[in-house]
Every structure is written in structure tokens, then in C-alpha cells.
Amino acid sequence: MAEKVNLKWQNRFSHETGYVKSVSPKNGYFVNTFNKEEAKKYLSKASVERDLAFLNSIGEMENNVFFMEP
């Protein structure tokens, strides 16, 4: 992955959107932001995949769709 990307989410029901600001696997949650400038910047596909696996494990993918955005 040559450029930095953010993880954006959209709620399947309300269609509300936001960005992943940070994740805390140790504490079992992620922090949301609506400001793209505050969102976590991913530098590798592996780091995106790691956070997506965590988000799935805590049930966030049941109600939300996550996708990469440059």
C-alpha cells in the first residue's frame, strides 16, 4: 500500500458514517471520530487487516460496513 488510508464505517441501518480514530484490543473497543483529519492513518495492508479482524471479533461488523478510504 503506497498511500496512507483511513478506515471509514457506515451503519447498515441508519447509514451514519464515521472513521476509526483508534483501536484498543486490550480494552475491547475502538474510538470513533467524524473528522477524517483525526482518523487513524494506516500505512500497511497488514495493519488494516489486523484492525478489521479485531472489529469483527467485537461484533462491530454486525451493524457496520468498514472500508478503506485514501
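Residues numbered from 1 in each chain as written. Predicted model: local features only at pLDDT ≥ 70, side-chain atom pairs only at ≥ 80, totals over all residues. Heavy atoms only, no water.

### Section: the side chain of glutamate 69
Within the fold, glutamate 69 resides in strand β4 (residues 64-69). Residue classification places glutamate 69 among the buried residues on the basis of a relative accessible area of 18%. Reaching out from glutamate 69, the side chain makes a polar contact with the side chain of tyrosine 19 at a distance of 2.8 Å. Ignoring any residue separated from it by four or fewer positions in sequence, one finds glutamate 69 in contact with Val5, Asn6, Lys8, Tyr19 and Lys36. (Helix = DSSP H or I, 4+ residues; strand = E, 2+ residues; numbered from the N terminus. Buried < 20%, exposed > 50% of the residue type's maximum accessible area, 1.4 Å probe, protein only. Polar contact = N/O pair within 3.5 Å; in protein donor to acceptor, adjacent residues only side chain to side chain. Contact = heavy atoms within 4.5 Å.)

### A look at the pattern of salt bridges
One pass over the full model with this rule turns up five salt bridges. A salt bridge links lysine 21 to glutamate 38; the shortest N-O distance between them is 3.9 Å. Placement of lysine 21 in strand β2 (residues 17-24) and of glutamate 38 in the loop between β3 (29-33) and α1 (45-57) is noted, with a sequence separation of 17 residues between them. Lysine 21 sits in the partly exposed class, given a relative accessible area of 37%. (Salt bridge = Lys/Arg side-chain N within 4 Å of Asp/Glu carboxyl O.)

### Focus on the sheet that holds β2
Here we have four strands laid out as an open sheet, ordered β3-β2-β1-β4, and antiparallel in their pairing. A strand with exactly one partner marks an edge of an open sheet, and here the two such strands are β3 and β4. Each neighbouring strand pair of the sheet contributes to a mean axis angle of 40°, computed without reference to strand direction. Here β2 runs beside β3; their pairing, made up of five bridges, is antiparallel. Bridge pairing in β3 links valine 23 to phenylalanine 30. (Pairing = 2+ DSSP bridges. Axes fitted to C-alpha atoms, helices over the stretch in contact; angles between N-to-C directions.)

### Focus on the pairing of strand β1 (residues 6-11)
Burial analysis of β1 places five of its six residues in the buried class, which makes it a mostly covered element. Summarising the sheet, β1 and β4 pair through six bridges and their orientation is antiparallel. Paired with asparagine 11 across the strands is asparagine 64, a residue of β4. Bridging between β1 and β2 involves three bridges; their strand directions are antiparallel. Within β2, the position partnered with tryptophan 9 by the bridge is glycine 18.

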